[in-house]
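Chain and residue survey
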Amino acid sequence: MTVGEGSEAPVPPRLRRDARRNRERLVEAAHAVFAEQGLEAPLDVIARRAGVGNATLYRHFPTRAALVDAVFRGQLTGTMQAGERARRAADAWAGLAGYLDAVFATLAADRGTNDLMTTRLPDVETLDAVHAHNRETVDVLLERARAQSGVRADVTTEDLLFALAALGRAVPPLAAAAGPDAWRRPLALFLEGLRGPAAGPRPLPGRPLDEEELGRVLGEMGPHRTRPTDGSSGGAAAGGTAPA
């Protein structure tokens with residue numbers, strides 16, 4: 001069949017390689033920008049850092065959700081694997097505590113991952129699977145821990161997921177103010193509140209925040225916090241879909 005009969009002209013191998021490399025550059029740049037600024041980062045900043053134009057970005061990733069999925073797919077799959085390991089733990093409390101430790105270590109990795117796992121972003125296929133798997137893991141572990149008297153009987157899966165999302169949002173500013181492991185202390189305090197009445201209190205890890213650090217954390221959690229912009233206000237590309 002000739003091109004005139006409706007087939008597409010073959011893409012020269014060099015151009016195919018160039019397109020593949022452009023996609024790789026976009027994913028690398030997006031991961032870096034999302035880590036710094038969160039998932040609301042302007043897409044034209046990502047394109048510029050990758051050394052391509054906005055049109056090239058939209059050819060590879062027509063929506064923000066498609067780009068997010070490409071950037072975080074492997075990282076989120078690791079969270080699901082941690083859930084599978086936790087479900088196999090003989091002691092359900094140990095499994096739950098270990099799983100939440102792994103989840104919060106992921107939340108501390110960067111702002112993009114934190115945004116992704118503590119909020120809802122529609123149309124990200126991998127994220128939908130992770131949220132469903134996370135809920136199932138928590139449900140299974142809570143049920144087993146209640147049966148083993150390791151968790152108070154009135155805690156529901158929704159109680160736990162809501163509290164974890166709220167605490168998880170504080171992880172990046174905690175790390176910025178008090179060090180990369182500062183989240184361990186509030187998570188341990190939260191877990192102590194879940195423990196069954198037969199379990200005695202355990203000492204909290206790390207040290208408490210001082211007054212200055214608390215002020216910095218609360219400031220970073222506010223909507224007025226400063227974002228790097230790479231010299232761009234974002235324009236139409238910040239919305240995440242290709243312009244008409």
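As a starting point, this report considers the structure included with it. What you are looking at is a predicted structure, and each value in this text was computed from that prediction instead of being measured. (Residues numbered from 1 in each chain as written. Predicted model: local features only at pLDDT ≥ 70, side-chain atom pairs only at ≥ 80, totals over all residues. Heavy atoms only, no water.)

Time to look at the pattern of salt bridges. In total, this model carries 11 salt bridges according to the counting rule given. The residue E213 makes a salt bridge to R207 at a minimum N-O spacing of 2.6 Å. Each of R21, E24 and E28 takes part in a single network of salt bridges with overlapping partners. (Salt bridge = Lys/Arg side-chain N within 4 Å of Asp/Glu carboxyl O.)

How two aromatic rings sit relative to each other is set out by the distance from centre to centre and by the angle between their planes. Considering all chains together, one arrives at two aromatic pairs under this definition. Note on F34 and F72: the rings are 6.2 Å apart at their centroids and 25° apart in plane angle, and the pair reads as stacked. You can see F34 sitting in helix α1 (residues 13–37) and its partner F72 sitting in helix α4 (residues 64–87), a full 38 residues away along the chain. Residue class for F72 comes out buried when judged on its relative accessible area of 1%. Where F104 meets W183, the ring centres are 6.0 Å apart and the plane angle is 35°; that geometry is what we call tilted. Separated by 79 residues along the polypeptide, F104 in helix α5 (residues 92–107) and W183 in the loop between α9 (171–178) and α10 (184–194) bring together distant segments of the chain. Judged by its relative accessible area of 3%, W183 is buried. (Phe/Tyr/Trp six-rings, centres within 6.5 Å; stacked < 30°, edge-to-face > 60°. Helix = DSSP H or I, 4+ residues; strand = E, 2+ residues; numbered from the N terminus. Buried < 20%, exposed > 50% of the residue type's maximum accessible area, 1.4 Å probe, protein only.)

Let us now look at a nonpolar patch on the surface. Taken together, L209, L214, L218 and M221 make up a surface patch of nonpolar side chains, about 340 Å² in accessible area. When you line up the elements, M221 lands in helix α11 (residues 211–221). Owing to a relative accessible area of 41%, M221 belongs among the partly exposed residues under this scheme. (Patch = residues over 30% accessible without salt bridge, like charges linked within 9 Å, V, L, I, M, F, W, Y side chains within 5 Å. Areas by Shrake-Rupley, 256 points an atom, 1.4 Å probe, with all protein chains shown as cover.)

Across its 24 residues, α4 extends 33 Å between first and last C-alpha, which sits within 8% of the 34 Å expected from 1.5 Å per residue. At F72, α4 shows its maximal bend, which comes to roughly 55°. (Expected span 1.5 Å × (residues − 1). Bend = angle between axes of the 7 residues up to and from the residue.)

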